[in-house]
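So the chains spell out like this:
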Amino acid sequence: MRLVVASGKGGTGKTLVASNLAAVLASEREVVLVDCDVEEPNAHLFFPSEEKTLPVLTDVPAFDNSRCTHCGNCGDSCQFGAIVVLKDRVLFFPAMCHGCGGCELVCPEGAITMEKRSIGHVAFSTPRSGLVLITGVLHEREVMSPHVIREALAYASGHDLVICDAPPGTACPVVETLEGADACIFVTEPTPFGLHDLILAAGVAEVLGVPSGVVINRSMGDEGSIRNLCRARNLPILMTIPFDRGIAEAANSGQLVTDRMPGMKDQFLKLFTRASALPGVR
Amino acid sequence: MLQVAVLSGKGGTGKTVVTAALADILPGRLAFADCDVEAANLALLLSPREKKRVPFYGMKKARIREEACVSCGLCKAACRFHAISQDGGGTYRTDPIRCEGCAVCRDVCPERAIFLLEHQDGEILIAETERGPLVYAELCPGSGNSGLLVHEVKKAALKESEGRDLLLIDGPPGIGCPVISTLSGISAAVMVTEPGVAALHDLRRLVTVSSGFSLSHWVVINRADLHPGYTREIELFCEEKGIPVIGRIPFDPAVIHAVRDGVLVTRRDSPASRELANIGKRLAEGLLYVPG
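Given the structure is predicted, the values throughout are model-derived calculations rather than measurements.

**What to know about the overall build of chain B**
Then step 1. Across its full length, chain B carries ten helices and 13 strands.
Then step 2. Each principal axis of the C-alpha distribution contributes one length, and for chain B these read about 70 × 40 × 35 Å.
Then step 3. Out of the 292 residues in chain B, the part that is buried amounts to 55%.
Then step 4. In chain B, once contacts between residues fewer than 6 apart in sequence are set aside, the share between residues at least 24 apart is 75%.

Below, the structure is given as structure tokens:
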């Protein structure tokens, strides 16, 4: 089973939920936690441990100047503006390249071959017994987040229980994380922002056909508008986490609330049971 | 015209609240853009009057003309994004979510059975607020191309801000495509962070990215009194990087109450609103713009 913790809005508590859920489940069974927020991965801050890393490589063209006739076919075929062919040379912008290989295919001189370029890495650690943490990390100044997410997820495939900490937002990186997942937990907060972005994010899960439920974080007991929305959209509320300075302090200092407040363990186990029982989950 | 973006790295540190406060208190003629196009929230605080919606077309998507397809499979083999598959009946189909619009399938198809189709990924909204125009966007669920949409939002906002002194941008979280698109061409970045291990980690990565652009940096520490230890760490990091810390907003329930009531924080007196007023002053001084 692959379970994604997502939100739409940033800072609602995705990492809090994903890392505590993984830690609690790991005391009972094998769990893989995948940090798919590759632009700003934070789960590792809660699980300091020795890491091994592997690079994430993408295909980029290499140009053989001795063969290139500056015909311009490669520049014309590139849909991403990564290649500009001048009279006497070729300009290539690696960060724009999606690695589609189109330029290699259209080069009549065989002057282009695809080479590997590193845009990030995947880190592996086993911070506690039963838990494997896989972190996707996009290198600074790179933009191909979905590619790093895909690689990180590939390393987790085949495992019985995979929990993914999703990136914020609703576009490509979130789609990459959510697609093919068995279930999704949306973490929201009772503010107009939390509500607005939950609607957007729930729309993405709907389009992708992923069964979803909601965790309300920082509850002060007045989240009527979120409850109404969940009823209307048929999104079960799986857990409510109170607004609590102790929880915020644990999260801010890189501690798991389930370690600091053992009473929370049961609540996270219940969250898992409810998420696994969402209608439509295989 | 000056362009200033409010960024953070980590989400939920208070970018939008700070942007809306600055929108209320900065002097001069202002214009606004919400470049957090995946989850645009600035409009929730600035109560704009919508003027116009413009469709946003991202990358084109491949489509196979079934009647011309001979099922040779070359397109599927050439697609590096696994966007082409065969359904139960053997028909080849493209997946608009996976398709990145590279056109390789079109170019390898011997039957010319594949074409690229314009694909609407969202809408750009042009609106008017009390202080000036606001441009923001809505992405269709499941659509990508947010970096490109940021670019289009900024372009539209620049057009709307003719004769204005300052374009204030509410930025996206992260450090990837939408952030880099936001950073390009701006004069200054205000980075909102909070005292916590994750926010500091994320701020460091953001500064590594933004320092590749020629712009001035400022940092605002939100909820600064919650963890004096981490606040000190942020200050040390900023000192080391030569980034001025222009504000330390205290944790203040008045902020949440104002947001929930749909009122700008700066319209009510509170410890947070007083510090936001100071931040506005320091920013206006630092930017050296002459309000028209």
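Now that the structure has been shown, the text picks up again.
**Points about the nonpolar core**
Then step 1. Counting 155 residues, the largest nonpolar core has A:L178 and B:V153 as its most contacted members.
Then step 2. No other element matches the nine residues that helix α1 (residues 14–26) of chain A contributes to this core.
Then step 3. Leaving out residues up to four positions away in the same chain, B:V153 has contacts with B:A33, B:C35, B:V37, B:I124, B:V135, B:Y136 and B:A137.
Then step 4. If you look at the next biggest cluster of nonpolar residues, it comprises 17 residues, including B:I64, B:C75, B:I84 and B:Y92.

**Observations concerning the pairing of strand β12 (residues 216–221) of chain B**
Residues and elements named next belong to chain B.
Then step 1. Relative to β12, strand β11 (residues 188–193) runs parallel, the two being bridged by six bridges. By the bridge assignment for β12, A188 is matched with S216.
Then step 2. The β-α-β motif built from β11, the intervening helix α7 (residues 197–210) and the parallel element β12 has right-handed crossover chirality.
Then step 3. In terms of strand pairing, β12 meets strand β13 (residues 245–248) through three bridges, oriented parallel. What sits directly across from V219, in β13, is V245.

**Comments concerning the interface of chain B and chain A**
Then step 1. Each side of the interface is counted separately: chain B has 50 residues, and chain A has 45 residues.
Then step 2. Contributions of two or more residues to the side of chain B that touches chain A are made by α4 (104–108), α5 (146–160), α6 (177–183), α7 and α9 (253–261) of chain B.
Then step 3. Looking at the side of chain B that touches chain A element by element, the count peaks at seven residues for α7(B).
Then step 4. When grouped by side-chain class, the residues that make up the side of chain B that touches chain A number 22 nonpolar, 20 polar and eight charged.

**A few points about unusual backbone geometry**
Peptide bonds are mostly trans, and most non-glycine residues show a negative phi.
Then step 1. One non-glycine residue with positive phi stands out, namely A:N234, at about 60°.
Then step 2. Position of A:N234 among the secondary structure elements: in the loop between α7 (224–233) and β11 (237–242).
Then step 3. Even without a glycine there, the phi angle at B:A103 is positive, about 75°.
Then step 4. With respect to the helices and strands, the residue B:A103 is situated in the loop between β6 (92–94) and α4.

**Notes on the domain arrangement of chain B**
Then step 1. What the domain assignment reports for chain B is domain 1 (2–57 + 121–287) and domain 2 (61–117).
Then step 2. For domain 1 of chain B and domain 2 of chain B, the distance between their C-alpha centroids amounts to 41 Å.

**Some details on the sheet that holds strand β3 (residues 52–63) of chain A**
All names here are of chain A.
Then step 1. The strand order across the open sheet formed by nine strands is β3-β6-β7-β2-β8-β1-β9-β10-β11, and the pairing between neighbours is mixed. Of all the strands in the sheet, just β3 and β11 have a single pairing partner and so form its edges. Neighbour-to-neighbour, the strand axes of this sheet turn through a mean angle of 20°, independent of strand direction.
Then step 2. Here strand β10 (residues 212–219) pairs with β11 via four bridges, running parallel. Counted as the bridge partner of V215 is M239 from β11.
Then step 3. Helix-sheet contacts for helix α4 (residues 145–156) involve β2 (31–35), β3, β6 (112–128), β7 (131–138) and β8 (162–165), and the interaxial angle to β7 is about 160°.

**With respect to the sheet that holds β12(B)**
Residues and elements named next belong to chain B.
Then step 1. Reading across the sheet, the nine strands line up as β3-β8-β9-β2-β10-β1-β11-β12-β13 and stay open at both edges, with mixed pairing between neighbours. Edge positions in the open sheet fall to β3 (49–57) and β13, since each of these has one partner strand only. Within this sheet the neighbouring strands show an average axis-to-axis angle of 20°, counted without direction.
Then step 2. Where strand β2 (residues 30–34) and strand β9 (residues 132–139) come together, two bridges link them in parallel fashion. Note on β9: the bridge partner recorded for A33 is V135.
Then step 3. Against the sheet, helix α10 (residues 271–287) engages β1 (2–7), β11, β12 and β13, with an angle of about 170° to β13.

**A few points about α10(B)**
Residues and elements named next belong to chain B.
Then step 1. Taking 1.5 Å as the rise per residue, α10 with 17 residues should run 24 Å; its terminal C-alpha atoms sit 24 Å apart, in good agreement.
Then step 2. Buried residues of α10: A272, S273, E275, L276, I279, G280 and L283, and no others. The buried side chains of α10 occupy one side of the element, clustering within an arc of 155° when seen end-on.
Then step 3. Summarising the contacts, the buried residues of α10 are in contact with α1 (15–25), β11, β12, β13 and α9.

**Concerning the packing of α7(B) against helix α8 (residues 228–241) of chain B**
Residue and element names in this part refer to chain B.
Then step 1. With their axes 11 Å apart at the nearest point, α7 and α8 run at an angle of 15° to one another. In terms of axis orientation, α7 runs roughly parallel to α8. Regarding α7 and α8, the two cross each other, and that crossing is right-handed. Across from L200, R204 and V207 in α7, the residues of α8 making contact are Y230, E233, I234, F237 and K241.
Then step 2. Residues belonging to the contact of α7 with α8 are distributed by class as follows: five nonpolar, no polar and three charged.

**Here we look at the environment of A:T53**
Residues and elements named next belong to chain A.
Then step 1. Structurally, T53 can be placed in strand β3.
Then step 2. Considering only alpha carbons, one finds T53 and V122, 69 residues apart in sequence, at a separation of 5.5 Å.
Then step 3. Not counting residues up to four positions away in its chain, the partners in contact with T53 are H121, V122 and A123.

**Quick word on the domain arrangement of chain A**
Then step 1. Domain assignment breaks chain A into domain 1 (2–56 + 119–276) and domain 2 (65–110).
Then step 2. A separation of 40 Å is found between the C-alpha centroids of domain 1 of chain A and domain 2 of chain A.

Rules and cut-offs
- Residues numbered from 1 in each chain as written.
- Chains lettered and ligands numbered in written order.
- Predicted model: local features only at pLDDT ≥ 70, side-chain atom pairs only at ≥ 80, totals over all residues.
- Helix = DSSP H or I, 4+ residues; strand = E, 2+ residues; numbered from the N terminus.
- Buried ≥ 20, exposed ≤ 12 C-beta atoms within 10 Å, placed from the backbone.
- Contact = placed C-beta atoms within 7 Å.
- Core = buried A, V, L, I, M, F, W, Y, C linked by C-beta atoms within 7 Å.
- Pairing = 2+ DSSP bridges.
- Right-handed = clockwise from strand over helix to strand, strands pointing away.
- Nonpolar A, V, L, I, M, F, W, Y, C, P; charged D, E, K, R; others polar.
- Domains from an automatic or database assignment.
- Axes fitted to C-alpha atoms, helices over the stretch in contact; angles between N-to-C directions.
- Expected span 1.5 Å × (residues − 1).
- Arc of directions from axis to C-beta.
- Parallel < 35°, antiparallel > 145°, perpendicular 65-115°, else oblique.
- Left-handed = near helix turned anticlockwise from the far one by under 90°.

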